[in-house]
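Examining the three-dimensional arrangement
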Amino acid sequence: MIWKDGRLLSPGKILPGDRVYHGMRTWDPAHSKVAALCHIHGEPPVKDACILYLGAAAGSTVSFLSDYAEVVYAVEFSPRPARDLIRLAHQRSNVIPIFEDARYPERYLPLVEMVDVLIQDIAQRDQADIAIRNLTFLKPGGHLILFLKLLSMGIEKKREELTAEVLMQIKTAGIIDVKVINLDKYHSGHVALWGTQSVQKNDA
Amino acid sequence: MHGSSDHSGDLVLIWDITSNLISGLVDKRVFVTVVVKDQDEKDRDGKQYRQFWYELCLEEKKNPASLAGSIRNATKKIQEYRDDSKLLPFPVWQDAVNAGIVSDRKRYISLIREISISLAISDLEKRSNKDEMALIHLVRILDETDKSISRLSEKVEDYYIAQHLAELPGDERNIWSLIDAIARDRDHPLNHLAKNIHRLHDSRTCISSDVREYAGKILPNMSALCGPLVSARLLARVGSRSQLARMPAASLQVLGAGPSLFAHLSSGSDPPKHGIIYQYKGVRHAKRQLRGRVSRVLACQLATAARIDYYRGAADEEFLRKASEKITLAGKLA
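A short tour of the structure in this document, coming up. (Residues numbered from 1 in each chain as written. Chains lettered and ligands numbered in written order. Predicted model: local features only at pLDDT ≥ 70, side-chain atom pairs only at ≥ 80, totals over all residues. Heavy atoms only, no water.)

1. What to know about the overall build of chain A
Note the threshold: The way it works is that DSSP assigns letters per residue, a run of H or I at least four long becomes a helix, a run of E at least two long becomes a strand, and they are numbered from the N terminus. The classification of residues rests on relative accessible area computed with a 1.4 Å probe and restricted to protein chains. Under 20% of the type maximum is buried, over 50% is exposed, and intermediate values are partly exposed. Whether two residues are in contact is decided by their heavy atoms: any pair within 4.5 Å suffices. Shrake-Rupley sampling with a 1.4 Å probe provides the accessible areas, and residues are treated as covered by the protein chains on show and by no other component. In this count, Lys and Arg are taken as positive residues and Asp and Glu as negative ones, while His and the chain termini are left out. We put the charge of a Lys on NZ, of an Arg on CZ, of an Asp on CG and of a Glu on CD.
Of the regular secondary structure elements, chain A holds six helices and eleven strands. Taken over 204 residues, chain A has a buried fraction of 55%. Across chain A, contacts joining residues at least 24 apart in sequence account for 57% of those joining residues at least 6 apart. Total accessible area on chain A stands at roughly 8,900 Å², and carbon and sulfur atoms take up 52% of it. The distance from the centre of the 24 positive side-chain charges to the centre of the 24 negative ones in chain A is 5 Å.

Below, the structure is given as structure tokens:
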């Protein structure tokens, strides 16, 4: 990815309203969790990758990912942001909008290929479940990035407890080498879990 | 035919049933040929039972229609197949190339993008009920307009009071006549604003009559029970008629009374008697000790009315007569 003076930049088409630095769009970590992850921990392997993004909203993060990736399948179920997402897809040739509920991947199973990177950015109580259901799309050795909004999972339990719980869940689902990355610096109350799909599980 | 072995199994079964049930009454040979023909037709359908999405585009490719038209047709077909779970999962782009549908990976992505956009747009349109959404947004706009009018008027009054401190309290004017006076006084610094408040009020009248009209159409039974505006506000709070129809009466009763409901749940204060339905005059004007009963009965009838409105969509005179009787009865002292 392209960095300049500590800023993450994005090489794609510039649209009105985009913040530009040295002729490129800046990818602000305060506005995008993926950018925050790049700043705090490291870059996910999105270059020329095939990505499935759950919870695309109006597609601002998706637009940056599409600058680097080969193709981005973007799932969003809320009508209002879905409209913006469709508009974005008109402008970018590698964004594929999917207007479905990510809880029911069988609805878009026939349209989406196997992907290299699965990003889950839906802040719901069952956010870990949603990611696990969509693991069928992830190639063996592919990367899962799960953004957890801890507040969405209730306020009764402590942050460490919740994270540990989800960690167990995705490990049982076949994700290995999971790293827990605290995103508080840019997005308070958010944690990223980053792991890879184990190769053995899919062979079996 | 690859499915022939399955057929024979079906046939034996049917043969057994028929010979047991109607032996002697029907010529078995005739019956069997009928069954075979039937199975044949099913099999012809069965051949194209499950397909990849791009295979559905292939048929469209042969059509001489325009590109946009063929995308639209393919989308419709894919939608149909998807809703019947007849699409195969995990498409592989190389397959589509081998089948001659697209020439390379780039074209594959461009095709799936076109199809997805068109699918998303059509699903979006299907999901939104235009009249229902119009009503919900109109009533939200109406309430926002009301809020703006009263906030602006208040500020104008504040300004007036600050300028006329010496006036005795008895001389304080009604806020509307004050705005009227300012709107007439061309030299007043707030003249233009006062005129706009007037205009805002006119807009409010238009919107409110629109809301009444839509609510009468979309929520005929609820509107008849508690008035179109209150019905529309209930709908706007819940978000859709389908959710409104699934709502228990007890929730309808306290809809809009969130803070006091949660205060009740967490600290055990008295539960709220009414939320939005307090705006219905039958509740508002009921005797204090009866308000709880009236709102409870009203909410029960509204829950039924919401279901009739959603599932049947027309006013039910018989139900309305009985329901209003119950509500009036609840407002009378026993």
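2. Brief notes about the sheet that holds strand β8 (residues 115–120) of chain A
All names here are of chain A. Quick note on the threshold: A pair of strands counts as paired when DSSP detects no fewer than two bridges linking them. With axes taken as lines fitted to C-alpha atoms, and helix axes fitted only over the stretch in contact, angles between N-to-C directions fall between 0 and 180 degrees.
With mixed pairing, seven strands are arranged side by side in an open sheet as β7-β6-β5-β8-β9-β11-β10. Edge strands, defined here as strands with exactly one partner in the open sheet, are β7 (95–98) and β10 (175–182). This sheet shows a mean twist of 15° between the axes of neighbouring strands, independent of strand direction. Sheet topology places strand β5 (residues 50–54) next to β8; four bridges connect them, and they run parallel.

3. Structural notes on the sheet that holds strand β1 (residues 2–4) of chain A
Picture the strands of a sheet paired through backbone hydrogen bonds; they go either parallel or antiparallel. Residues and elements named next belong to chain A. Pairing is antiparallel in the open sheet, where four strands are placed in the order β1-β2-β4-β3. Edge strands, defined here as strands with exactly one partner in the open sheet, are β1 and β3 (20–21). Where β3 and strand β4 (residues 24–26) come together, two bridges link them in antiparallel fashion. Of the residues in β4, the one forming a bridge with V20 is R25.

4. Some thoughts on the packing of helix α4 (residues 67–83) of chain B against helix α6 (residues 105–127) of chain B
Residues and elements named next belong to chain B. To keep things clear, this is the line we draw: With respect to orientation, any angle under 35 degrees is reported as roughly parallel, any angle over 145 as roughly antiparallel, any angle of 65 to 115 as roughly perpendicular, and every other angle as oblique. Left-handed describes a crossing whose near helix is turned anticlockwise from the far helix through less than a right angle; right-handed describes the clockwise counterpart. Residues are grouped as follows: Ala, Val, Leu, Ile, Met, Phe, Trp, Tyr, Cys and Pro are nonpolar; Asp, Glu, Lys and Arg are charged; all remaining types, including Gly, are polar.
Look at α4 against α6: their axes get within 9 Å of each other, and the N-to-C directions meet at 70°. One finds that α4 runs roughly perpendicular with respect to α6. Crossing geometry of α4 relative to α6 is assigned as right-handed. For the pair α4 and α6, the contacting residues are I71, A74, T75, I78, Q79, R82 and D83 in the first and L111, E114, I115, S118, L119, S122, D123 and K126 in the second. Grouping the constituent residues of the contact of α4 with α6 by class yields six nonpolar, four polar and five charged.

5. Here's the deal with empty space enclosed by the protein
To be explicit about the condition: The definitions used throughout rest on a 1 Å grid laid over the protein atoms alone, on which a cavity is an enclosed set of points accommodating a 1.4 Å probe that cannot get out and a pocket is an open set flanked by protein within 12 Å on both sides along at least five of seven lines; lining residues are those having an atom within 4 Å of a point. Grid points are joined across faces, edges and corners, and a volume is the space filled by probe spheres set on the points.
One pass over the full model with this rule turns up three cavities of 30 Å³ or more. By volume, the largest cavity amounts to about 70 Å³. If you go around the largest cavity, the residues you meet are P97, I98, F99, E100, R107, Y108 and L111 of chain A together with R82, S116, L119, A120 and D123 of chain B. For the lining of the largest cavity, the secondary structure elements donating two or more residues are β7 of chain A together with α6 of chain B. Split by residue class, the lining of the largest cavity holds seven nonpolar, one polar and four charged.

6. Looking at unusual backbone geometry
Its identity as a non-glycine residue notwithstanding, D5 of chain A has a phi of 50°, on the positive side. Given the relative accessible area of 56%, D5 of chain A is considered exposed. Phi is positive for S85 of chain B, close to 50°, though the residue is something other than glycine.

7. Thoughts on the interface of chain A and chain B
Many analyses report the size of an interface as the accessible area lost when the parts associate. Filter applied, for reference: In short, buried area is how much 1.4 Å probe accessible area vanishes from two parts on joining, totalled over both. Salt bridges, as used here, are contacts in which a Lys or Arg side-chain nitrogen is within 4 Å of a carboxyl oxygen on Asp or Glu. Identification of polar contacts relies on pairs of N or O atoms within 3.5 Å, with a donor-acceptor requirement for protein atoms, meaning one able to donate a hydrogen and the other able to accept it, and with residues adjacent in sequence counted only if both atoms are side-chain atoms.
Facing the 26 residues of chain A at the interface are 22 residues of chain B. Carbon and sulfur atoms supply 66% of the area buried between chain A and chain B, which totals about 2,200 Å² over both sides. Put simply, chain A and chain B have four salt bridges between them. In this structure, R82 of chain B engages E100 of chain A in a salt bridge whose closest nitrogen and oxygen atoms are separated by 3.1 Å. Where chain A touches chain B, the interface holds nine residue pairs in polar contact (both at pLDDT 80 or more). Every element with two or more residues in the side of chain A that touches chain B is listed here: β6 (71–75), α3 (79–91) and β7 of chain A. Here the element with the most residues in the side of chain A that touches chain B is α3 of chain A; it accounts for five residues. Within the side of chain A that touches chain B, the residues separate by chemical class into 16 nonpolar, four polar and six charged.

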